[in-house]
Amino acid sequence: MNKKLKIGIVCYPTYGGSGVVATELGIALAEKGHEVHFISYDQPFRLDIFSEKIYYHEVSVPDYPLFEYAPYELNLTSKLVDVALHEKLNILHVHYAIPHASAAVNAKQILATHGIDIPIVTTLHGTDITLLGKDKSFKPVIEYAINMSDTITAVSEDLKSETLEHFNIKNEIKSIPNFIDMSLYQQEDDMKLRNRFAKKEEFILTHISNFRKVKRVEDVIKIFNKVHKEVPAKLLMIGDGPERLKVEQLCRKLGICDKVKFLGKLKVIEKMLSITDIFILPSERESFGLVALEAMASKVAVISTNTGGLPEVNIDGKTGYLSEVGDVNKMVSDTLSLLIDNEKLNAFKENALAHAHTFDLPNILPQYEAVYQELSCKMKS
Ligand code: GMT
């Protein structure tokens, strides 16, 4: 029988895939009887449930006039040592290499001076490797933190290959994909909700992201601008971030503001996805594309780029279509090919839902649990 463990989870609390995966993982582990301690600088945005098995420890960064830059990594390291010691953690699972894995490695060394050997699991999520990892000012730290972790996981086969290609990694990397809890998704149109956003004859296209440059949000608007001229449609833009202003300006320039609705950082996206026909994700990089999977779980066809791990999620010609980054014209014709053929659109939607099931929580959670159990047995022996 698997031992119930005390697991520390370190993640970013903000609107983004790595925080979502870490939070959902922690909640699922708690439901299986493990004790889960979240450690971050703010309450993770999807951590809004009550459970006697879930704890949250906030890392505070005091403001010393002496420091021009607040040393968050050191405050995090101290907090990890404190929580591991006092809560008697069995495992520390950190999401994102910088600064979480490097802080955990430091904490592990400090804990060793207290006679405690705590295993570290590092999950690589993407931009920690594909963007920061290529920055020379971070590379040595990232490589060291990965090599000093007891187990490394990457969220797609593509991210695993990319990590092995760009870093000198001594240990095995396990690929454990993103997951979703299928029971939380609804696949039936809520007609009342749909009618609030679109007329009866209009299709709904949706994009969700943190509006960072890497998401190429302007391409979403460019695609929609061509699509709506051929078929009646509305575009829902969910999320917010640095590119928002530029994108709104583009909508104004194209005169399509009445057809594009910016809904902001919605916490619950399932409802909006359930009224969506096509999800658009034209990212420059995407190590997995959790949001595409969330759309597919809501029975939505996906138009995306073919970058990173996206081809592992969105199956070209089956659950949606893949294009080269920036190939707006192909993404337009692919979208139209689905919208003008109802039978095809429905078949793609069904395929998307079926493929999403392979990433359902019960299929992926045991892979993380196996990692923890293996490490916890190793530490005892
Ligand atoms: O996509 C983002 O900007 C957020 C980023 C993060 O670190 O939170 O998401 C990354 O991790 C997700 C969860 O593993 C993946 O599904 C996303 O594809 C990945 N984003 C990128 O690679 C750009």
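Since this is a predicted model, take the numbers as computed values, not measurements. Each chain has its residues counted from 1, running along the sequence as written. In keeping with the predicted nature of the model, local features appear solely for residues at pLDDT of at least 70, side-chain atom pairs appear and are counted solely at 80 or more, and the whole-chain, interface and lining totals rest on all residues. Neither water nor hydrogens contribute to the side-chain values; these are computed over all heavy atoms in the structure.

Now for the sheet that holds strand S6 (residues 151-154). Strand-to-strand pairing in sheets goes through backbone hydrogen bonds, with the strands running parallel or antiparallel. By this definition, two strands are paired if DSSP reports at least two bridges between them. Runs of H or I in DSSP of at least four residues are treated as helices and runs of E of at least two as strands, each being numbered from the N terminus. Here seven strands make up an open sheet; going across it, the order is S3-S2-S1-S4-S5-S6-S7 and the pairing parallel. This sheet does not close on itself; its edge strands, each paired only once, are strand S3 (54-58) and strand S7 (173-175). Within the sheet, the average angular offset between the axes of one strand and its neighbour, ignoring direction, is 25°. Two strands pair when backbone bridges link them, and strand S2 (residues 35-40) and S3 are joined in this way by five bridges, in the parallel orientation. Its bridge partner being in S3, phenylalanine 38 is matched across the sheet by tyrosine 56. Contacts between helix H6 (residues 157-166) and the sheet are confined to strand S5 (120-124), S6 and S7, with S7 contributing the most and set at about 160° to the helix. The axes are straight lines fitted to the C-alpha atoms, using for helices just the contacting stretch, and the angles between their N-to-C directions are given from 0 to 180°. Throughout, a contact is declared for two residues whenever any of their heavy atoms are within 4.5 Å.

Taken together, 19 residues lie around the ligand, and Ser18, His125, Arg212, Lys215 and Glu286 are the ones closest in. Polar contact is defined as a pair of N or O atoms within 3.5 Å, subject to the rule that within protein one atom must be able to donate a hydrogen and the other to accept it, and that residues adjacent in sequence are counted only when both atoms are side-chain atoms. The contact in question runs from an oxygen atom of the ligand to an N or O atom on the backbone of serine 287, over 2.9 Å. Within the backbone of leucine 290, one N or O atom sits 3.0 Å away from an oxygen atom of the ligand. Here the open area of atoms and residues is found with the Shrake-Rupley method and a 1.4 Å probe, where only the protein chains shown may cover a residue. Notes on the ligand: free accessible area 490 Å², of which the protein chains cover 95%. Structurally, the ligand is housed in the largest pocket. The dominant element in the shell around the ligand, judged by the number of residues it contributes, is helix H1 (residues 17-31), at three residues. We call Asp, Glu, Lys and Arg charged. Ala, Val, Leu, Ile, Met, Phe, Trp, Tyr, Cys and Pro are nonpolar, and the rest, Gly among them, are polar. Here the residues of the shell around the ligand sort into five nonpolar, ten polar and four charged. By convention in this text, a residue qualifies as near a molecule or strand provided that one of its non-hydrogen atoms is within 4 Å of it. In this analysis the probe radius is 1.4 Å and the grid spacing 1 Å, with only protein atoms considered; a cavity is a set of points the probe fits into but cannot get out of, a pocket is an open set with protein on both sides within 12 Å along at least five of seven lines, and lining residues have an atom within 4 Å of a point. More than half of a molecule's atoms lying within 2 Å of a cavity's or pocket's grid points is what places that molecule inside it.

Moving on, we get to the domain arrangement of the protein. Domain start and end points were adopted from an automatic or database domain assignment. Here the domain parsing of the protein yields domain 1 (6-179 + 360-380) and domain 2 (182-359). A quick way to say it: buried area is the sum, across both parts, of accessible area lost when two parts are put together, with a 1.4 Å probe. The junction of domain 1 with domain 2 conceals about 1800 Å² of combined surface from both sides, 52% of it contributed by carbon and sulfur atoms. Throughout this description, the term salt bridge denotes a Lys or Arg side-chain nitrogen within 4 Å of a carboxyl oxygen of Asp or Glu. Across the domain 1-domain 2 interface, the total number found is two salt bridges. The salt bridge partner of glutamate 162 is arginine 285, with a shortest N-O separation of 3.0 Å.

Ordered by their spatial adjacency, six strands build an open sheet running S10-S9-S8-S11-S12-S13, and the pairing between neighbours is parallel. Strand pairing shows two members of the sheet lacking a second neighbour, strand S10 (260-264) and strand S13 (320-323), which therefore form its edges. Pairwise comparison of adjacent strand axes, ignoring direction, gives a mean angle of 20° for this sheet. Its contacts with the sheet put helix H13 (residues 328-339) on strand S8 (203-208), strand S11 (278-281), strand S12 (301-305) and S13, and the angle it makes with S13 is roughly 170°.

Let's shift gears to the packing of helix H3 (residues 97-112) against helix H5 (residues 139-148). Interaxial distance between H3 and H5 falls to 9 Å at its minimum, and their mutual angle equals 55°. Judged by the angle between their axes, H3 and H5 are oblique. Regarding H3 and H5, the two cross each other, and that crossing is left-handed. Between H3, through Ala97, Ile98, Ala101, Ser102, Val105 and Gln109, and H5, the contact on the second element is made entirely by Val141, Ile142, Tyr144, Ala145 and Met148. Here the residues of the contact of H3 with H5 sort into nine nonpolar, two polar and no charged. Note on angle classes: values under 35 degrees are labelled roughly parallel, values over 145 roughly antiparallel, values of 65 to 115 roughly perpendicular, and the remainder oblique. Here is the rule for handedness: rotate from the far helix to the near one, and if that takes an anticlockwise turn smaller than a right angle the crossing is left-handed, while a clockwise turn gives right-handed.

Here lysine 265 shows up in the loop between S10 and helix H10 (270-274). Lysine 265 sits in the exposed class, given a relative accessible area of 53%. Considering only alpha carbons, one finds lysine 265 and tyrosine 368, 103 residues apart in sequence, at a separation of 29 Å. Throughout this description, buried means an accessible area under 20% of the type-specific maximum (1.4 Å probe, protein chains only), exposed means over 50%, and partly exposed covers the range between.

In summary, the pairing rule links any two rings of Phe, Tyr or Trp, Trp by its six-membered ring, whose centres are within 6.5 Å, and it sorts them by plane angle into stacked for under 30 degrees, edge-to-face for over 60 and tilted for everything else. Tallied over the entire structure, the rule returns five aromatic pairs. A centroid spacing of 5.6 Å and a plane angle of 85° characterise the contact between phenylalanine 288 and phenylalanine 359, whose relative ring orientation is edge-to-face. Taken together, the positions of phenylalanine 288 in the loop between S11 and helix H11 (290-297) and phenylalanine 359 in the loop between helix H14 (342-357) and helix H15 (361-380) put the pair 71 residues apart, joining distant regions of the chain. A relative accessible area of 8% means that phenylalanine 359 is categorised as buried. Two conditions define a charge sitting above a ring: the NZ of Lys or the CZ of Arg must be within 6 Å of the ring centre, and it must be within 35 degrees of the ring normal. The cationic tip of lysine 139 hangs over the ring face of phenylalanine 167; the distance from NZ or CZ to the ring centre is 5.7 Å.

Side chains of a nonpolar character, in soluble globular proteins, are inclined to be buried together. Nine residue types can take part in a nonpolar core, namely buried Ala, Val, Leu, Ile, Met, Phe, Trp, Tyr and Cys, and a core is a set of them joined through side-chain atoms within 4.5 Å. Formed by 73 residues in total, the largest nonpolar core has its most connected members in Leu29, Phe279, Leu293 and Tyr372. Element by element, the count of residues in this core is highest for H1, at eight residues. When we break this core down by domain, the ones giving at least three residues each are domain 1 (6-179 + 360-380) and domain 2 (182-359). In this structure, Ile221, Cys251, Phe262 and Met331 belong to the second largest nonpolar core, which totals 32 residues.

The subject of this paragraph is H14. The end-to-end C-alpha distance of H14, which contains 16 residues, comes to 23 Å, matching closely the 22 Å that a straight helix rising 1.5 Å per residue would cover. Among the residues of H14, those classed as buried are Leu345, Phe348, Lys349, Ala352, Leu353, His355 and Ala356. Down the axis of H14, the sector holding all buried residues measures 165°, keeping them to one side. The span expected for a helix works out to 1.5 Å for each residue beyond the first. For this quantity, the arc is that covered by the directions from the helix axis to the C-beta atoms.

In this model, the largest pocket occupies a volume close to 760 Å³. Lining the largest pocket are 35 residues, and of these Gly16, Gly17, Ser18, Asn210 and Lys215 lie nearest its centre. Looking at the lining of the largest pocket, the elements that each hand over two or more residues are H1, helix H4 (127-130) and H11. At four residues, the largest contribution of residues to the lining of the largest pocket is made by H1. A breakdown of the residues in the lining of the largest pocket according to their chemical character gives 15 nonpolar, 14 polar and six charged. Looking at the lining of the second largest pocket, the elements that each hand over two or more residues are H1 and H11. Considering each element in turn, the lining of the second largest pocket owes the most residues, six residues, to H1. Among the residues making up the lining of the second largest pocket, the classes are represented as 13 nonpolar, no polar and eight charged. When residues of the lining of the second largest pocket are assigned to domains, at least three fall in each of domain 1 (6-179 + 360-380) and domain 2 (182-359). Grid points are joined across faces, edges and corners, and a volume is the space filled by probe spheres set on the points.

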